[in-house]
Amino acid sequence: MPGESYGAPGHGKSLAISVVTATSLLLLWYIVTAAGWIGPLFLPSPLAVVARFWEILTEGFAGASLLEHTGWSMLRVFGAFALAMLTAIPIGILMGVNRVGRGLFDPIIEFYRPLPPLAYLPLVIIWLGIGETSKIVLIYMAIFAPMALSARAGVRSVAIEQIHAAYSMGASRWQVIRYIILKNALPEILTGMRIGIGFGWTTLVAAEMVAAQAGLGFMVLNAAEFLVTDVVIMGIIMIGIIAYLFDMLMRYAEKTLVPWKGK
């Protein structure tokens, strides 16, 4: 609603609703499994998942501890995310301010962006082998497109009047890009980072299909092969929790770096 305040009271109410929703879903899960409406092969109880979590935490699974599985997955996803930040954001900004850059990169990004990672996974393996490089590159490609396009959209959303006003006051092209374009494009860039990391975690399972020895995606795939459903659910929950915590960190960064967003 116009003029609605997004202060602390509204945030507290939203948090309370989220807690109630999560608690209700867990309670429904427990009731359904305890009543035997769904067999444990298809949906194990939350207590079985917690027990399996403790077992894997203390004893490991598929030759690696839970910390090793988590560490390898985070290294792959956040390594690809860092590479995407260093390349996708500058390219997105270039596409927004330069017609040549837009003409050069836009067709490439728009061509491969709709393709699922599994479609070009065989090419990545052929070109880069089955080591860590191919896994990181696959995740990187999934993150790159949304991050670059968000940066471009942020640049294109800058009001032309602000740019003209800066030039009229004697600003150089670099000063306009740094203080006008980048500052106004920052909300879109941060949104693109949030979207990109989501695509990265989505691609993780596909990346860890390639001769991985550890990783949360590898753990899920390995457990699914032997119908160990509680491990599959536990791995999915772990991926979701890590992704959600990073998203909360990005939301905090948005509030700190672009406090005017949504005002």
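The structure this text deals with has already been given above.
Predicted model, so just to flag it, every value in this text is computed and none were measured. (Residues numbered from 1 in each chain as written. Predicted model: local features only at pLDDT ≥ 70, side-chain atom pairs only at ≥ 80, totals over all residues. Heavy atoms only, no water.)

### A few points about the overall build of the protein chain
What the protein chain contains, in helices and strands, is ten helices and zero strands. Listing the helices and strands of the protein chain from first to last along the sequence gives α-α-α-α-α-α-α-α-α-α. Across its three principal directions, the C-alpha atoms of the protein chain cover 70 × 55 × 30 Å. When the 263 residues of the protein chain are sorted by exposure, 38% land in the buried category. If you take every contact in the protein chain between residues at least 6 apart in sequence, the share linking residues at least 24 apart comes to 73%. Accessible surface for the protein chain amounts to roughly 15,200 Å². Of this, 71% is attributable to carbon and sulfur atoms. (Helix = DSSP H or I, 4+ residues; strand = E, 2+ residues; numbered from the N terminus. Buried < 20%, exposed > 50% of the residue type's maximum accessible area, 1.4 Å probe, protein only. Contact = heavy atoms within 4.5 Å. Areas by Shrake-Rupley, 256 points an atom, 1.4 Å probe, with all protein chains shown as cover.)

### Remarks on the nonpolar core
In terms of nonpolar packing, the biggest core is built from 60 residues, with Met147, Met193 and Met219 touching the most fellow members. Sort the elements by how many residues they give to this core and helix 8 (residues 173–207) lands first, with 13 residues. Residues in contact with methionine 147, not counting those within four places in the same chain, are Phe81, Ala84, Met85, Ala88, Ile89, Gly192 and Met193. (Core = buried A, V, L, I, M, F, W, Y, C linked by side-chain atoms within 4.5 Å.)

### Considerations on a nonpolar patch on the surface
Judged by side-chain polarity, Leu27, Tyr30, Ile31, Trp37, Ile38, Leu41, Phe42, Leu47 and Leu227 come together as a nonpolar surface patch covering roughly 1,000 Å² of accessible area. In this structure, leucine 227 sits in the loop between helix 9 (216–225) and helix 10 (229–257). (Patch = residues over 30% accessible without salt bridge, like charges linked within 9 Å, V, L, I, M, F, W, Y side chains within 5 Å. Salt bridge = Lys/Arg side-chain N within 4 Å of Asp/Glu carboxyl O.)

### Things to note about helix 5 (residues 117–128)
Looking only at helix 5, the buried set comprises Tyr120, Leu121 and Val124. The buried side chains of helix 5 occupy one side of the element, clustering within an arc of 140° when seen end-on. (Arc of directions from axis to C-beta.)

### What to know about the environment of serine 150
Structurally, serine 150 can be placed in helix 6 (residues 132–156). Judged by its relative accessible area of 12%, serine 150 falls in the buried class. Serine 150 sits 62 residues away from alanine 88 along the chain, and the two C-alpha atoms are 9.4 Å apart. Residues within four places of serine 150 in sequence aside, it is in contact with Glu188, Ile189 and Gly192. Here proline 146 takes part through its backbone oxygen, which lies 2.8 Å from a polar atom of the side chain of serine 150. (Polar contact = N/O pair within 3.5 Å; in protein donor to acceptor, adjacent residues only side chain to side chain.)

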